[in-house]
Every structure is written in C-alpha cells, then in structure tokens.
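Observations on chain architecture
Residues per chain, in single letters:
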Amino acid sequence: MKITIVAGARPNFIKIAPIIKAIEKKQNEGATISFRLVHTGQHYDKNLSATFFEELNIPEPNCNLEVKSGSQSVQTAAIMVAFEEELLENLCDLVLVVGDVNSTMACAIVAKKLNIKVAHVEAGIRSGDMTMPEEINRIVTDSISDYFFTTSTWASENLIQYGTDTSKIHFVGNVMIDTLYQNLHRITKPNFWEEYQLETENYIILTLHRPSNVDEEQFLNKLLLAIDILAKDKKVVFPIHPRTKAILGTSVLEFKNIHFVEPQGYLAFMYLVKNSFAVITDSGGISEETTVLGIPCFTLRENTERPETQTIGTNTLVGVSIQKLEDIYSSFLENGKRKSGIPELWDGKASERIISIILGEK
Ligand code: UDP
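Per an unreviewed UniProt entry, the protein goes by the name UDP-N-acetylglucosamine 2-epimerase (Non-hydrolyzing) and belongs to Flavobacterium luteum.

**A word on helix α15 (residues 350-358)**
Of all the positions in α15, only A350, S351, R353, I354, I355 and I358 are classed as buried. Residues of α15 that are buried sit in contact with α1 (10-28), β4 (94-98), β5 (117-121), β6 (147-150) and α7 (175-183). A positive backbone phi angle near 75° is found at G360, which sits one or two residues after α15.

**Regarding the site of the ligand**
Taken together, the neighbourhood of the ligand is formed by 14 residues, with P239, Q264, F269, S283 and G285 sitting nearest. Elements supplying a minimum of two residues to the shell around the ligand: α1, α11 (266-274) and α12 (284-293). Top contributing element to the shell around the ligand by residue count: α12, with four residues. Tallied by class, the residues present in the shell around the ligand amount to seven nonpolar, five polar and two charged. Both domain 1 (2-174 + 346-358) and domain 2 (186-335) contribute no fewer than three residues apiece to the shell around the ligand.

**A short note on the nonpolar core**
In this structure, I5, F83 and C107 are the most contacted members of the largest nonpolar core, which totals 91 residues. No other element matches α1, which puts eight residues into this core. No fewer than three residues from each of domain 1 (2-174 + 346-358) and domain 2 (186-335) sit in this core. In this structure F83 touches V38, L65, A106, C107 and V110, once residues within four positions along its chain are discounted.

**Looking at the packing of helix α9 (residues 217-230) against helix α14 (residues 322-335)**
Packing of α9 against α14 brings their axes to within 10 Å, and their N-to-C directions diverge by 15°. In terms of orientation, α9 and α14 fall into the roughly parallel class. Between α9 and α14 lies a crossing whose hand is right-handed. Residues K222, L223, A226 and L230 of α9 form the contact with α14, whose participating residues are I322, L325, E326 and Y329. Among the residues making up the contact of α9 with α14, the classes are represented as six nonpolar, no polar and two charged.

**Regarding the pairing of β5**
Across the five residues of β5, four count as buried, placing the element largely inside the fold. Examined bridge by bridge, β4 and β5 share five bridges and lie parallel to one another. Residue pairing across strands places V95 opposite V118, the latter belonging to β5. Following the chain from β4 across helix α4 (residues 102-113) to the adjacent parallel β5, one finds a crossover that is right-handed. As paired elements, β5 and β6 share three bridges and run parallel to each other. Bridging from a neighbouring strand, H120 pairs with F148 of β6.

**Notes on the domain arrangement of the protein**
Domain boundaries in the protein define domain 1 (2-174 + 346-358) and domain 2 (186-335). Between the C-alpha centres of domain 1 and domain 2 the distance comes to 27 Å. Counting from both sides, the interface comprises 18 residues of domain 1 and, opposite them, 15 residues of domain 2. If you list the elements that add at least two residues to the side of domain 1 that touches domain 2, you get α1 and α2 (50-55). Sorting elements by how many residues they give to the side of domain 1 that touches domain 2 places α2 first, with three residues. Looking at the side of domain 1 that touches domain 2, its residues break down into eight nonpolar, six polar and four charged.

**Quick notes on the environment of T304**
Relative to the helices and strands, T304 is located in the loop between β12 (297-299) and α13 (308-311). The sequence separation of T304 and R126 amounts to 178 residues, and the corresponding C-alpha distance is 7.6 Å. Setting aside chain neighbours within four positions, we find T304 in contact with S127, G284, S287, T299, T309, Q310 and L317.

**Quick notes on α1**
Taking 1.5 Å as the rise per residue, α1 with 19 residues should run 27 Å; its terminal C-alpha atoms sit 28 Å apart, in good agreement. Approximately 25° is the largest bend angle found in α1, and it occurs at I16, with the proline P18 only one to four residues beyond.

**Some details on unusual backbone geometry**
Despite not being glycine, N57 shows a phi value in the positive range, around 50°. The residue N57 is located in the loop between α2 and β3 (63-64) in this model. On the neighbour-count criterion, N57 (11 C-beta atoms within 10 Å) is exposed. Of note, the phi angle at K232 is positive, near 50°, even though the residue is not glycine.

**Observations regarding the pairing of β6**
Strand residues, when the strand is regular, have side chains that alternate between the two faces of the sheet. Handedness of the crossover joining β5 and β6 through helix α5 (residues 133-144) is recorded here as right-handed. At this point the chain moves from β6, through helix α6 (residues 153-161), to the parallel strand β7 (residues 169-171), and the crossover so formed is right-handed.

**A closer look at the sheet that holds β3**
Sheet architecture is open: seven strands sit in the order β3-β2-β1-β4-β5-β6-β7, paired in parallel fashion. A single partner strand is all that each edge strand has here, and the edge strands are β3 and β7.

**Section: the sheet that holds strand β9 (residues 235-239)**
Strand order across the open sheet formed by six strands is β10-β9-β8-β11-β12-β13, with parallel pairing between neighbours. With partners counted over all chains shown, the strands left at the sheet margins are β10 (258-261) and β13 (315-317), one partner each. Strand-to-strand twist of the sheet, defined as the mean angle between neighbouring strand axes without regard to direction, takes the value 20°. Sitting on the sheet, α9 touches β8 (203-207), β9, β10 and β11 (278-281), and the angle it makes with β10 is about 125°.

Conventions and cut-offs
- Residues numbered from 1 in each chain as written.
- Predicted model: local features only at pLDDT ≥ 70, side-chain atom pairs only at ≥ 80, totals over all residues.
- Buried ≥ 20, exposed ≤ 12 C-beta atoms within 10 Å, placed from the backbone.
- Helix = DSSP H or I, 4+ residues; strand = E, 2+ residues; numbered from the N terminus.
- Contact = placed C-beta atoms within 7 Å.
- Near = placed C-beta within 6 Å.
- Nonpolar A, V, L, I, M, F, W, Y, C, P; charged D, E, K, R; others polar.
- Domains from an automatic or database assignment.
- Core = buried A, V, L, I, M, F, W, Y, C linked by C-beta atoms within 7 Å.
- Axes fitted to C-alpha atoms, helices over the stretch in contact; angles between N-to-C directions.
- Parallel < 35°, antiparallel > 145°, perpendicular 65-115°, else oblique.
- Left-handed = near helix turned anticlockwise from the far one by under 90°.
- Pairing = 2+ DSSP bridges.
- Right-handed = clockwise from strand over helix to strand, strands pointing away.
- Expected span 1.5 Å × (residues − 1).
- Bend = angle between axes of the 7 residues up to and from the residue.

Right, dumping it as structure tokens:
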C-alpha cells in the first residue's frame, strides 16, 4: 500500500504527525505500507510550517509544491496544477488529505480525477456557513472521497444525510488529540514567560485569524480594546497570525494587558493553553484542544463545525459581537468553570485506527 499524504497549512501539520507515526509503527511490525509526504507550501513562514516539522518530528517532505499565497482560486488552481504533475510522476494507491484547507480540496480533486482513491481525515464536520472557504472545501472533499474518517458520530450522521455509503464512513476519533496526548509531556514554557510575568491561570490566550474578526481593521481594534478591558487583572497573550498582523499593519494601539507575540510553536503554544485562565479564539482546532485540557474557551464565531466542543467540552460560542463577549465573559467570572467531559474516542488512538482500516485489518 503506497500512500501520498498531503499537508499544506499549520493545522494540517499537527494532524499528519500522528498518522505518520502510526504508519511507521505498522512498518516496524512488518506491514507492507509506505508513504510519500507532499507539502503544498500553502503555509511557508517558518513559524507556521518548519517549526512544526521540527517539534513534532515530521519527516522532511519528499516534495514541496511551493504554491505560497494567492486568492482562493489562484491558490487552489496552483496546488492542482503542481499536485497533478507530482502524482503522475509518483503514482500511489491512496491520497490521504486532512482537515479543510485549500490543499485538502485541491489535492482530493486531482487524485480522484486520476482514479486514485482518496481518504479524508476529519470528514463530515459542517458549520453550515457557506461564506467560510473551509466549509466549501469540506463539502467538495466529502463529495468525492473513498474513506471518511470522522471525529464524532454527528459528523458521520452528516455524511449519511448527504447520501454517503455507510461502509465508507469510519468513526475513529480525533488525530489532533492524538498529537496532544503524544506531546503533553514535552510542552515547554515560551521564552517570554518570565519577561511578561506569566503565572498559571493569570493570563488569557487570544488567537484571531478568521475574516469575520480581522478583515475590518476598525472592528479588530475595537475588539482588542474590549478584550484588554475585560481581562481586568489578567494579562492577554496574543500570538498574532500573519494574516491578522498584515491587517493591523503598523497601527497597533497601546494596550494595558495585551502582549503581542509571534505565532508560537506547538510545544510552547500548548504550554500556554494548558496553563491559561481561559482562551478567546476563532480557531476550530483550539476549541478541541481546550476541551481535552478542560480550559474554558470562548469562540468568536457565529457557528461551529465542532458542536461536541460545546455540548460536551468547554467551548462557548460567543458570536462575532463585542457586547456578547463582554456579557458571556462576565457571567463566566461570576459562575466559574462549567462541568465538561471528553468526546467519545478522543483517546489518542485515532491515527492507529485509521491505518488499520486503510490496511483492511478492521
Ligand atoms: N497553534 C500553535 N501556535 C499558535 C497558534 C495555534 O501551535 O500560535 C496550533 C494550535 O495547536 C491549534 C492549531 O495551531 O490547534 C490551529 O491552527 P489555526 O488556528 O491556524 O487553525 P484552525 O483551527 O482555525 O483551522
């Protein structure tokens, strides 16, 4: 079994790390399975890409398509053209894509048109929000995949509603959480910990990169001012995504509590999250990690494709509203942490299940 694994962006790197480990384990047990790793180059900044390969011990990609940035269509098209050439030169039995970025959809289409089977890891999740490029990527990828690996029974149900053959749907758990469990013992204090006088639970982590929060500079500045005030005696550590940084430009206002830092590597970021008082974010992946770590998470979005982080986990969907954030956060300060749990099969073994299924063992 020859698998081509595709990864293009930060959350992809975190998801492929345990899958590669599971393949290597099978190889050591004597299974006939090999992989070729293709980096599309969608994220290319060192701290969104190379750092993750180093820290998570992901092997050097066999090939980097180096597509870099572009509009949605320019980037998707560039990935398709380059990936078709790569696949024709290196034919395989299965292309494995993860998540919901442009690389996920573009490479799935290319593989399918070359009659190569496609496996989609994190299939079936839906926000219902067609203004999100990720939602379009999910729907297109799930309309042509051959293996659907899901993180929840809800995601499996979504696929069934779309008419997906149930024999192709496999509820396996969450590879992002595999990575979390595999690395929790390695997490490390960031180098600014002392400088900013951070202590366990005396700070909030903030991440923002979705267009609805960051594309309008005026709104973004208002949001940051509101967070600076609601934090009161807590510090706010804000690893700023390049997309958000580009919008703020040089016009960054003065804040009492907010510390702007570079996007963090995985080990420092998870250290920061695990020891934080709370997280304010518009990321989907972070709402999964905070669920497992039991850290209160406030999501600045109108919808989520990961409802289990709300119903079972620690996530509260705030909406894109400063007023709602202020109200919800102050009620959290009054009432404290909610009781929460860990979703089914988020046990660190999802990747092993995936590889067993691909090898036809289960
Ligand atoms: N992350 C990180 N450093 C940071 C911010 C995020 O390592 O400074 C990791 C974190 O583990 C998270 C993942 O990147 O799960 C999510 O990335 P992003 O917010 O880009 O993607 P999304 O979850 O929104 O798709």
